[in-house]
Amino acid sequence: VYLQDSDLEQGMYAGYLIEKIYGKSLFSDKIIGGALYAKSKQKSQYEVSGRDVKRYTSDDFDEDKSWKKVEGESQAVFYFMFKIPAKELSILASRKLYEYYVLYKDPFFKSRFNSVIYDLVNSFDMSRSSFMSESQLKNDTVKTNVKEEIAETDDRISNRSSSKISKIKKIKAAKSESIEKVKESKYYKYALVEYYEDSLLEESFSYWQIEKTELDKKKESENYIAYSEAKEKVISKHGMALNIDKMVLINPFFSSYISSYYYDEGYRTSSVIKNPDVTPLDEEKVEQNLVRYVMDFANKLQLDVSVIGGTQQAAIETEKFNDFQQLINWFSERIALGRMGAYTYNDQYMDKYIQEYGHIGFCYVVKNNKSLEMVFVLFNLKTGGSELVFEKSLEKGKPDGVYVKMMLYDILHQIKQVPNKINRLKKKYNINE
C-alpha cells in the first residue's frame with residue numbers, strides 16, 4: 001500500500017519491520033529494494049532536471065523538511081532520505097539491489113539494478129572505473145595507513161609546539177578538519193568492491209555507456225538535427241501517429257468547481273470549492289457521455305478500447321474484475337511515483353496485461369467557473385513511459401459538448417494513426433530509431 005501511494009520512506013520502514021519480526025525474506029527485501037529504487041529515481045530526477053515529484057496523497061509532505069513532521073522511529077528513515085545526495089542514494093540503491101539479486105536471482109532486482117546504473121552513467125557521468133576493485137582497495141589501504149602514520153607523527157610534533165593553544169580551540173580545529181576530510185573523500189568508490197569483477201556489473205555499465213556515446217553522437221549529426229526539426233513540424237501539424245490497435249481506458253472523470261477571490265490583509269487570495277449546483281448524478285451523466293463518445297469514435301477508427309473503473313464493472317465476472325483492479329493499481333502507482341519510465345512495484349504482475357492491452361489511458365475533464373480543462377494521458381504498460389500527453393483549456397464550454405467531442409476524436413485518431421509521414425522522414429534522413 002505504501003509503495004502504491006509512493007510513500008516510499010514508510011514503505012522502506014515497514015519492510016524492515018517485517019524483516020525484524022518475521023525474518024529476512026524475498027517479500028520483505030522486495031519492499032525494501034523497491035522503495036529504495038523508487039526513491040533514488042525520484043531524487044535523481046529532481047537533482048538533475050529540477051523536476052520535483054510530489055506525493056499527491058498528502059499535503060504534509062510538500063515541504064522540503066517534511067521529515068520533521070514524522071514522529072517515532074521512522075523519522076530516521078525520512079531524515080536520511082532527505083539528507084543523502086541523489087548520486088549517493090543511487091549508488092546505495094545499486095549495491096542493495098545487486099546484493100538482493102545475488103541472493104535470490106530474481107529478475108525484479110536485476111531490472112531495477114540495471115535501471116539505477118542507467119542513472120549513474122547518464123545523470124552522474126559515472127563508470128565502472130569510478131569504483132574500486134579488491135586489489136585497488138588493498139593498495140589504497142596501504143597508502144592510507146602510511147599517510148596516517150606520517151600524520152600522527154606530524155601531530156605529535158605540532159602538539160609539542162602548540163601547547164599554549166587552549167583545548168577548546170584544538171577540539172574546534174580537529175572537528176573542522178574532520179568535516180573537510182569527509183567532504184573531500186569519495187567514500188562511495190568502495191561501494192561495489194566485492195562485486196567489481198562480476199560480469200553483470202561490467203555488462204550493465206558497458207551497455208549504458210555505449211548507448212550514451214552512440215546517442216550523443218547521433219544527436220550531434222546534421223541528419224538527426226534536420227530530422228528532429230522536420231518531425232516536430234509534422235507532429236505540430238498532424239499530431240502524433242502512434243499506430244496502436246488496442247488499449248484500456250480508465251473511466252473518464254469529470255468534476256466541477258467554483259473559484260472565487262478575496263483580499264486578506266491586503267493579499268489577493270483564491271478559494272476553490274466544489275460546485276454545489278452540480279450533483280454526483282450530474283457528474284456521472286457527463287462521464288457516461290464521455291464513455292459513449294470514446295466507444296463510438298473507437299469503433300469508427302477500428303481501435304479496440306476497453307473501459308474500466310466505472311459502471312462497466314458492475315456486471316463483470318470476478319476474474320475480469322480482479323484484472324481491471326490490478327490495472328488501476330498499476331496506474332495509481334505509476335502516477336504517484338512520478339518518474340516516467342521507472343519500474344513500479346506492480347510491474348512484476350503486469351506481463352499478462354502487457355500482452356492483452358499494451359497501453360492504458362486516462363482522461364479527465366474539469367470545469368472551473370466557465371472555463372474547461374481536458375487532459376488525456378496514455379502510458380505504455382511495458383516501459384511505463386508516457387506515449388501521449390494531451391492538455392487543452394477552453395475559456396468556456398460544456399464538459400460533454402461539441403469541443404470535447406472534437407478533442408476526444410483527435411486524441412483517438414492520433415493513437416490509431418499510422419506514422420507514414422514520420423517513416424518517410426526516417427527514410428529521407430537515414431534515421432533508425
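Rules used in this analysis
Residues numbered from 1 in each chain as written. Predicted model: local features only at pLDDT ≥ 70, side-chain atom pairs only at ≥ 80, totals over all residues. Heavy atoms only, no water. Helix = DSSP H or I, 4+ residues; strand = E, 2+ residues; numbered from the N terminus. Buried < 20%, exposed > 50% of the residue type's maximum accessible area, 1.4 Å probe, protein only. Contact = heavy atoms within 4.5 Å. Core = buried A, V, L, I, M, F, W, Y, C linked by side-chain atoms within 4.5 Å. Patch = residues over 30% accessible without salt bridge, like charges linked within 9 Å, V, L, I, M, F, W, Y side chains within 5 Å. Areas by Shrake-Rupley, 256 points an atom, 1.4 Å probe, with all protein chains shown as cover. Salt bridge = Lys/Arg side-chain N within 4 Å of Asp/Glu carboxyl O. pLDDT = per-residue confidence, 0-100. Pairing = 2+ DSSP bridges. Expected span 1.5 Å × (residues − 1).

A. The overall build of the chain, seen in detail. Helix and strand counts for the chain come out as 14 helices and six strands. Within the chain, the fraction of its 433 residues that count as buried is 41%. Within the chain, residue pairs in contact and separated by at least 24 positions form 70% of the contacts whose partners lie at least 6 positions apart.

B. Seen up close, the nonpolar core. Judged by nonpolar contacts, the single largest core of 42 residues is most densely connected at L120 and F131. Residue contacts for L120: discarding those within four places in its chain leaves K87, S90, I91, S94, D125, M126, F131 and F205. Membership of the second largest hydrophobic core comes to 31 residues, among which are L290, M407, L408 and I415.

C. How the structure looks around the side chain of D323. Inspection of the secondary structure assignment puts D323 in helix 11 (residues 318-337). Residue class for D323 comes out buried when judged on its relative accessible area of 8%. With residues up to four places along the chain from it excluded, the contact list for D323 reads K352 and Y353.

D. Spatial organisation of a nonpolar patch on the surface. Residues L17, I21 and Y22 make up a contiguous nonpolar surface patch of roughly 370 Å² in combined accessible area. Checked against the element boundaries, L17 lands in helix 1 (residues 8-22). Classification of L17 by relative accessible area gives partly exposed; the value is 35%.

E. Inspection of the confidence of the model for the chain at higher detail. Per-residue pLDDT for the chain averages 85, and the proportion of residues at 70 or more is 84%. Between residues 54-63, whose pLDDT stays under 50, and residues either more than four places distant or in other chains, the model counts 16 contacts. Here residues 179-184 scores under 50 on pLDDT; set against residues more than four positions off or in separate chains, the count is one contact.

F. The pattern of salt bridges, seen in detail. Using the criterion set out here, one finds twelve salt bridges in the structure. The shortest N-O distance in the salt bridge between E194 and R95 comes to 2.6 Å. Of the two residues, E194 is situated in the loop between helix 7 (167-184) and helix 8 (199-220) and R95 in helix 4 (residues 86-104); the sequence distance between them amounts to 99 residues. Residue classification places E194 among the partly exposed residues on the basis of a relative accessible area of 39%. For K274, the salt bridge identified is with E283, shortest N-O distance 2.6 Å. Three or more residues joined by partner-sharing salt bridges are found here, namely R95, K96, E99 and E194.

G. Fine view of the pairing of strand 6 (residues 386-394). In this sheet, strand 6 lies alongside strand 5 (residues 371-380) in antiparallel orientation, the contact comprising eight bridges. Bridge pairing in strand 6 links M374 to K392. Taken together, strand 5 and the strand that follows it, strand 6, pair antiparallel across an intervening segment of five residues, in which G384 is found at a positive phi of about 80 degrees.

H. Region of interest: the pairing of strand 4 (residues 359-368). Most of strand 4 sits out of view: eight of its ten residues are buried. Where strand 1 (residues 246-264) meets strand 4, eight bridges bridge the pair, whose relative direction is parallel. Residue pairing for strand 4: S256 is matched across the bridge by K367. Here strand 4 pairs with strand 5 via ten bridges, running antiparallel. Looking across to strand 5, one finds that N368 is bridged to S371. What sits between the antiparallel neighbours strand 4 and strand 5 is a turn of two residues, in which N369 has the positive phi angle 55 degrees.

I. Fine view of helix 1. End to end, helix 1 covers 21 Å across 15 residues, agreeing with the expected 21 Å (1.5 Å per residue, within 8%). Of all the positions in helix 1, only L8, E9, Q10, G11, M12, A14 and G15 are classed as buried. Following helix 1 by one or two positions, G23 adopts a phi angle in the positive range, close to 95 degrees.

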